[in-house]
Amino acid sequence: MPASVRSYEERSVPDRLQSWPGVPDLLRRIYAARGVASEQELDLSLTKLLSPNLLLNADYAAARLADAIRGQERILIVGDFDADGATSTVLVAGALGDFGAEHVDYLVPNRFEYGYGLTTKIVELARSKSPDLIITVDNGISSIEGVALAKRYGIDVLITDHHLPGEQLPAADVIVNPNQPGCTFPSKNLAGVGVAFYLMLALRSFLRELGYFEEKGYAEPKLVNYLDLVALGTVADVVPLDHNNRILVAAGIRRIRQGLACLGLSELLRIGKRESERVVASDLGFSAGPRLNAAGRLDDMTVGIECLRAQSSSRAAALAAQLDSMNRERQRIERSMQQDAEELMAGIEDTLDTGSAPSALVLFEPHWHQGVVGILASRVKDQMNLPVFAFACADDGFLKGSGRSVPGLHLRDTLELVAREHPGVLQKFGGHAMAAGVSIAEEHLVAFGAAFEQAVRRQRPAAIDSVVVTDGVLPTELLDLNTARQLREGGPWGQEFSEPLFVGEFELIDHKLVGERHLKLSVRHPETPRTLDAIAFSVDTQQWPRSDVKGVRMVYRLDVNQFRGVERLQLIAEYLEPL
């Protein structure tokens, strides 16, 4: 929970709402406030997915893969070390096997040893496996040197990625990326796993037209079997949930609820105390995703990939338990780093209302963990409402930084500006609007900090007050379990299609700490005699609990809390202020 809230802003809603049969008035207002303009945008059936034919080079990539399958070439998938990369790797390896490929292997860089993407080091390692074709998933668009080396070794390279390209594209045989120049695919927000899924759709269509399945006597593979992975990777990578991504996520959630998820994902949900039959997008983002990501942050994403590929419940359970243990260690490291960050930021909050307030933050401690700086940057960004880069020392002698941005500032474009105006400061960088990574020499840290803040200040002139955007005051008659159920099923909610938040003032009946930092509350709305349960996670224990507080202002969402088969309304306090 951020340290302070400065102002509230209610989402604007069109004066005239369209009538959508079967959609409750509250949901109509919420959808309209998120830009939904027609009933068609609420249709999340798979028939409404954008066609793979719209994705630039998908046909050429499918043809190259078809040749590889029919020629039984050695195919090597090079993935990324996060949840998006892991799900992409498992999807492509599984689907190619379904299509009849017999020589498919994968390689995921250890971030501490090889860095991100198809680096020259990874190509040298890949060469030992004698691949005829390398397929990158969730990376590759910035791998100029790595692709060039692979080509010199006679290895074909097919890049699938979703990150924004630089001025130069790698000389790969084929690139499939909705954000590459010339691609008019309407949804630029596909995650890496979404791009991989689309490529497999294109491959299936190409093989069908060739008569391949009849020739081989195969039943056409059902790619819907991989939609649980698509949902997990899409939500965990925090890409905007436009209509096309909501279709993919909703379809994946349906399969999970039907008990059709892969064994590894089912175990990750179980160990996170999430019930598969009631799963929502936030369960993927805050329970399964972090456990999967922990492998890539602390060690090697191979553990996560093998968990998702597990063919027995016992193996899936063992690997999920290993990932859970890694995640607990990640949380311990993160808590220590947050304490360091709070000391570094001491006094900064006091300057937010003065002319000396920073426009961005760049943080570094030599002992910080390289795999956790991204989470730290996200936490500090949420607290300070500023763009943040957090750096750690890397094994290659450089500093590796992970950045998180705020609405209105495109992080990768800002880095491009820094690189152009301060040549030599950035060794390499990449990413997208809200998250990015950089590599710099330690002696350039101060120069980078000054250049980054200057670039941010030009686009976002001063540190602005924290603004909490809500859906307004929820009418008292809707403050009930039925509304909570409607909102729960009204998603999927996520990035740029956020879960509804409401603001209200409540009488504080009782409150106490549970666990280490969570605040359990009993509150009463002034217009109703009912006592409501609420909980605020990760509160400042120096401020709460407080015996002198009789009322609170909450920004909250509605939740359906199920315990021993009984459902009850619970308010989840995202922001909490004493009255």
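See the structure printed just above.
The following refers to the structure shown. (Residues numbered from 1 in each chain as written. Predicted model: local features only at pLDDT ≥ 70, side-chain atom pairs only at ≥ 80, totals over all residues. Heavy atoms only, no water.)

For the rest of this paragraph, the subject is the overall build of the protein chain. When its secondary structure is counted, the protein chain shows 17 helices and 17 strands. Relative to the globule expectation of 25 Å for 579 residues, the C-alpha radius of gyration of the protein chain, 24 Å, shows essentially globular dimensions. The buried share of the protein chain, reckoned over its 579 residues, is 55%. Of all intrachain contacts in the protein chain linking residues separated by at least 6 positions in sequence, the fraction that spans at least 24 positions is 67%. Looking at the protein chain as shown, the accessible area adds up to about 24,900 Å², and 47% of this sits on carbon and sulfur atoms. With 60 positive and 77 negative side-chain charges, the protein chain shows a spacing of 3 Å between the two charge centroids. (Helix = DSSP H or I, 4+ residues; strand = E, 2+ residues; numbered from the N terminus. Rg over C-alpha atoms; globule rule 2.2 N^0.38 Å. Buried < 20%, exposed > 50% of the residue type's maximum accessible area, 1.4 Å probe, protein only. Contact = heavy atoms within 4.5 Å. Areas by Shrake-Rupley, 256 points an atom, 1.4 Å probe, with all protein chains shown as cover. Lys, Arg positive; Asp, Glu negative; His and termini not counted. Charge placed at Lys NZ, Arg CZ, Asp CG, Glu CD.)

Attention now goes to the environment of D340. Secondary-structure assignment places D340 in helix α13 (residues 313–344). Each C-alpha atom, one on D340 and one on P500, is 33 Å from the other, the two residues being 160 residues apart in sequence. Every residue in contact with D340, bar those within four places of it in the chain, is listed here: E365, H367 and W368.

The strand order around the closed barrel formed by 5 strands is β13-β14-β15-β17-β16, and the pairing between neighbours is mixed. Across the sheet, the mean angle separating the axes of adjacent strands is 45 degrees when strand polarity is ignored. Bridge analysis of strand β16 (residues 551–563) against strand β17 (residues 566–578) gives 12 bridges, and the strand direction is antiparallel. The partner of R553 across the bridge, within β17, is E577. Against the sheet, helix α17 (residues 481–489) touches β13 (502–514), β16 and β17, its axis set at about 75 degrees to β16. (Pairing = 2+ DSSP bridges. Axes fitted to C-alpha atoms, helices over the stretch in contact; angles between N-to-C directions.)

A few words on helix α6 (residues 192–210). Here α6 is 19 residues long and its end C-alpha atoms lie 27 Å apart, about the 27 Å a rise of 1.5 Å per residue gives. Summarising burial for α6: 14 of the 19 residues are buried, a large majority. Downstream of α6 by a residue or two, G211 has a phi angle that is positive, lying close to 75 degrees. (Expected span 1.5 Å × (residues − 1).)

With that out of the way, let us pick up helix α16 (residues 445–459). When the terminal C-alpha atoms of α16 are compared, their 21 Å separation across 15 residues agrees well with the 21 Å that a helix rising 1.5 Å per residue should span. Along α16, the residues classified as buried are L445, F448, G449, A451, F452, A455 and V456. Structurally, α16 contributes buried residues whose contacts are with β7 (361–364), β8 (388–393), β9 (399–404), α15 (411–421) and β11 (435–440).

Using the criterion set out here, one finds 14 aromatic pairs in the structure. Aromatic ring contacts, followed pair by pair, group F99, Y212, F213 and Y218 into a single cluster. In this structure, R127 packs its charged tip against the face of Y153, placed 3.8 Å from the ring centre. Residue placement shows R246 over the ring face of F497; its charged tip is 4.0 Å from the ring centre. (Phe/Tyr/Trp six-rings, centres within 6.5 Å; stacked < 30°, edge-to-face > 60°. Lys NZ or Arg CZ within 6 Å of the ring centre and 35° of its normal.)

As judged from the 4 bridges shared by strand β15 (residues 531–536) and β17, these two strands associate in the parallel manner. Of the residues in β17, the one forming a bridge with A536 is A573. Between β16 and the antiparallel strand that follows it, β17, lie 2 residues; R564 among them carries a positive phi value of about 55 degrees.

Attention shifts here to the sheet that holds strand β2 (residues 75–78). An order of β3-β2-β4-β5-β6 is seen for the 5 strands of this open sheet, with the pairing classed as parallel. Each edge of the open sheet is held by one strand with a lone partner, namely β3 (104–107) and β6 (174–176). The average angle at which neighbouring strand axes cross in this sheet is 20 degrees, direction not considered. When strand β5 (residues 156–160) meets β6, the two strands line up parallel, connected through 3 bridges. Bridge pairing in β6 places T160 opposite V176. Packing against the sheet, helix α3 (residues 83–98) makes contact with β2, β3 and β4 (133–137), and its axis sits at approximately 140 degrees to β4.

According to the stated counting rule, one finds 34 salt bridges in the structure shown. Across the salt bridge formed by R208 and E220, the nearest N and O atoms sit 2.8 Å from each other. In this pair, R208 sits in helix α6 while E220 sits in the loop between α7 (212–216) and α8 (227–236), placing the two residues 12 residues apart along the sequence. E220 sits in the partly exposed class, given a relative accessible area of 33%. Connected through shared salt-bridge partners, R64, E73, K151, D156 and D173 make up one network. (Salt bridge = Lys/Arg side-chain N within 4 Å of Asp/Glu carboxyl O.)

Below, the discussion takes up the layout of surface pockets. Approximately 400 Å³ is the volume attributed to the second largest pocket. Along the walls of the second largest pocket sit 18 residues, with V90, G94, Y226, R309 and Q311 positioned nearest its centre. Where the lining of the second largest pocket is concerned, the elements lending two or more residues are α3, β3, α8 and α12 (302–309). Looking at the lining of the second largest pocket element by element, the count peaks at 4 residues for α3. Looking at the lining of the second largest pocket, its residues break down into 11 nonpolar, 3 polar and 4 charged. (1 Å grid on protein atoms, 1.4 Å probe; cavity = no way out; pocket = protein on both sides within 12 Å on 5 of 7 lines; lining within 4 Å. Points joined across faces, edges and corners; volume = space filled by probe spheres on them. Nonpolar A, V, L, I, M, F, W, Y, C, P; charged D, E, K, R; others polar.)

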